[in-house]
Number of protein chains: 2
Amino acid sequence: MNDDLRFLAEYDASRYPRPSVAVDVVLLTVDADARGLWAVLARRDDPPQQERWALPGGFVGIDESLDDAAARVLREKVGLAGVFIEQLYTFGAPNRDPRTRVISVAYYALVEATGLERVVTADERPAGAHLARLHVPWPGETGGPVEAVDGAGLPLPLAFDHAEILGMAVKRIRGKLDYAPIGFELLPDAFSLRDLRLVHEAILGRALNKDSFRRRMLDRGLVVPTGARATGVGHRPPELYRFANRSAT
Amino acid sequence: MNDDLRFLAEYDASRYPRPSVAVDVVLLTVDADARGLWAVLARRDDPPQQERWALPGGFVGIDESLDDAAARVLREKVGLAGVFIEQLYTFGAPNRDPRTRVISVAYYALVEATGLERVVTADERPAGAHLARLHVPWPGETGGPVEAVDGAGLPLPLAFDHAEILGMAVKRIRGKLDYAPIGFELLPDAFSLRDLRLVHEAILGRALNKDSFRRRMLDRGLVVPTGARATGVGHRPPELYRFANRSAT
DNA sequence: GAAATAGTGTCTTTAAGACAGTATGTG
DNA sequence: CACATACTGTCTTAAAGACACTATTTC
């Protein structure tokens, strides 16, 4: 330990020029009616890339962990806290930001659509966060950049390498969907199996077999019935389920 | 564009203190005889963490991409080039390095055992890279830190958060093993199906069903027979296969 | 010939897809 | 009652595990 401390005093961390380090957060939600993926983007007011659409992001504090920085960005720029968030990938091409060298540690977060709608459409919403519909022009887990359109279908040009970051986020959740319980993050506490399937279909971008989806979820014990049923759905009301916290397995 | 350039001139990137950014490389190989995973580690000559064992690493150049930095570290510190390498995860706990704030973008690389043996045991090997056997004390894809022992079974204490980085690397390749062609990276060009299975078993840390493994590899068209057979194996010689580059699918 | 692993064929089990048919709300 | 979706049951198909049996090399 003495050795460690002596060396620490002699260490000159400023010998090398250092990049800036930022976090960018891909906040995703699913609109079960429109059966599509949505992400939160903000229109850039200033150059560079003025009027293009960017992910919420910010610099990492010198004494702040990466996870803390991502949670702070989500809180300050979108007004959300306590949602699922996980590191995605780190983007570090030397010229991805024209101003200076910025390495961005990207995160992805998932939130229930109704919770986000409330936050994003509120008048007091921070930093002009908007919901953009995502169009994923590639199947499966091929990967690639993703396009964004607004509610009216008009394309939203993306800033910097954010189309690539969004593509990586979609690729990641597609891959994790069938072995990690991430579909539940996009639904309220109680949901029907149809809701859950629509979420999966929106993420995967393709239809799923209704029968085997139901069987898979029930056989794996991922969901448990609540005993309640949905009301006012215009047809036979489905049983509502909740996520089974399978820490005992 | 004029707006962009004007803003660029006014931009003051030095307003915030910046962390150092490094890459650390988990270079893994499989010893088919010993049926275990090995990683390249180097003993630290100086404080901090003197005499503990660390992953090969280095700072990212200010005009260097992250991928380039990882390839350079592999070349300069281990003497390897042209092998499979991919970004793993970024570690950024504020005190993971006692000297200063260092954010480390971890990579993992895979190489055939014989190729690595040649490099690492050569007298002119750079920076004292050694092969350490890994002991993974958790099953499946639970995740967690990993222990390292030398060839004689003596434990090698790991520096900084490198046990955690190694754990993340093992978790990642376990997860990717059955949908990405990464087993082939750890074998010579021609190999028997038994060799491939032993590699998979070493990575997963458990035995696999011989028959269904063979069927799975052949049915998927992942391997094609070369027509050659192994010699001098003390029993019926197996057909040798090579990886089928399935870009046509 | 003994030992050891390669390789083939078949049976069983399990999960997924297809689909028929019944159940039960709302309009 | 019509409609829409929930839910149940059964048949088929595909993949994995188990296992018996044959093949072929070295010692």
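Reading the values: the criteria
- In this convention, every chain numbers its residues from 1, walking through the sequence in written order.
- All chains are assigned letters beginning with A, and all ligands numbers beginning with 1, in the order in which they are written.
- In view of the model being predicted, local features appear only for residues whose pLDDT reaches at least 70, and side-chain atom pairs are presented and counted only at 80 or more, with totals across whole chains, interfaces and linings using the full set of residues.
- Hydrogens and waters are ignored; side-chain quantities use all the structure's heavy atoms.
- For the purposes of this description, domain bounds are those given by an automatic or database domain assignment.
- We call two residues contacting when some pair of their heavy atoms lies within 4.5 Å.
- A quick way to say it: buried area is the sum, across both parts, of accessible area lost when two parts are put together, with a 1.4 Å probe.
- Salt bridges are defined by distance alone: a side-chain nitrogen of Lys or Arg within 4 Å of a carboxyl oxygen of Asp or Glu.
- Polar contacts here mean pairs of N or O atoms no more than 3.5 Å apart (in protein, one a potential hydrogen donor and the other a potential acceptor; neighbouring residues in sequence count only if both atoms are side-chain atoms).
- Here a strand is any run of E in DSSP of at least two residues, a helix any run of H or I of at least four, and the numbering for each starts at the N terminus.
- The nonpolar class holds Ala, Val, Leu, Ile, Met, Phe, Trp, Tyr, Cys and Pro. Asp, Glu, Lys and Arg form the charged class, and all remaining residues, Gly among them, are polar.
- What goes into a patch is any residue over 30% in relative accessible area without a salt bridge, connected to like charges within 9 Å or, for nonpolar side chains (Val, Leu, Ile, Met, Phe, Trp, Tyr), within 5 Å.
- Per-residue and other accessible areas follow the Shrake-Rupley method at a 1.4 Å probe size, with only the shown protein chains counted as cover for residues.
- The positive count covers Lys and Arg only, the negative count covers Asp and Glu only, and His and the chain ends enter neither.
- Where a charge lies is defined by one atom per residue type: Lys uses NZ, Arg uses CZ, Asp uses CG and Glu uses CD.
- Exposure classes here rest on a 1.4 Å probe applied to the protein chains alone. A residue is buried below 20% of its type maximum, exposed above 50%, and partly exposed in between.
- One heavy atom suffices: a residue is near a molecule or strand as soon as one of its heavy atoms comes within 4 Å of it.
- Should DSSP find at least two bridges between two strands, the strands are regarded as paired.

Engineer: Can you help me understand the domain arrangement of chain A in this one?
Structural biologist: Interfaces are often described in size by the accessible area the parts lose on coming together. All names here are of chain A. Considered domain by domain, chain A is made up of domain 1 (13–176) and domain 2 (187–248). A straight line from the C-alpha centre of domain 1 to that of domain 2 covers 28 Å. Taken together, the contact pairs eight residues of domain 1 with nine residues of domain 2. Summing both sides of the interface, domain 1 and domain 2 together bury roughly 800 Å²; the carbon and sulfur share of this comes to 66%. Counting every contact that joins domain 1 to domain 2 gives zero salt bridges. Counting the contacts that link domain 1 with domain 2 gives two residue pairs in polar contact (both at pLDDT 80 or more). Contributing elements (two or more residues each) for the side of domain 1 that touches domain 2: β2 (36–43) and α4 (162–176). Residues that form the side of domain 1 that touches domain 2 fall into these classes: four nonpolar, one polar and three charged.

Engineer: How do you make sense of a positive patch on the surface when you look at a structure like this?
Structural biologist: All names here are of chain A. Together, K210, R214, R229 and R236 make up a positively charged patch on the protein surface. Within the secondary structure, K210 sits in helix α6 (residues 210–219). Residue classification places K210 among the exposed residues on the basis of a relative accessible area of 53%.

Engineer: Just to check I follow, could you spell out the pattern of salt bridges for this structure?
Structural biologist: Residues and elements named next belong to chain A. According to the stated counting rule, one finds 18 salt bridges over all chains in the structure shown. Between E51 and R43 there is a salt bridge, with the nearest N and O atoms lying 3.5 Å from each other. Judged by its relative accessible area of 47%, E51 is partly exposed. Among the ionic pairs, R72 bridges to E76, the shortest N-O distance being 3.5 Å. Placement of the pair is R72 and E76 together in helix α2 (residues 66–78), with a separation of four residues, close to one helical turn. Linked through salt bridges whose partners overlap, the residues forming this network are D24, R96 and D161.

Engineer: Mind showing me how you'd approach the protein's contact with DNA strand C here?
Structural biologist: Close to DNA strand C lie 19 residues; A:D211, A:S212, A:R215, A:R236 and B:E239 are nearest. Between DNA strand C and A:G234, the relevant distance is 3.2 Å, taken from a base nitrogen to a main-chain nitrogen or oxygen of the residue. Breaking the surface near DNA strand C down by element, the ones donating at least two residues are α6 of chain A together with α6 (210–219) of chain B. Looking at side-chain class alone, the surface near DNA strand C contains two nonpolar, five polar and 12 charged residues.

Engineer: What exactly am I supposed to notice about the pairing of strand β7 (residues 129–135) of chain B here?
Structural biologist: It is a general feature of regular strands that their side chains alternate between the two faces of the sheet. Residues and elements named next belong to chain B. Summarising the sheet, strand β2 (residues 36–43) and β7 pair through five bridges and their orientation is antiparallel. Paired with A42 across the bridge in β7 is A129. Pairing between β7 and strand β8 (residues 147–149): three bridges, direction antiparallel. By the bridge assignment for β8, H135 is matched with E147.

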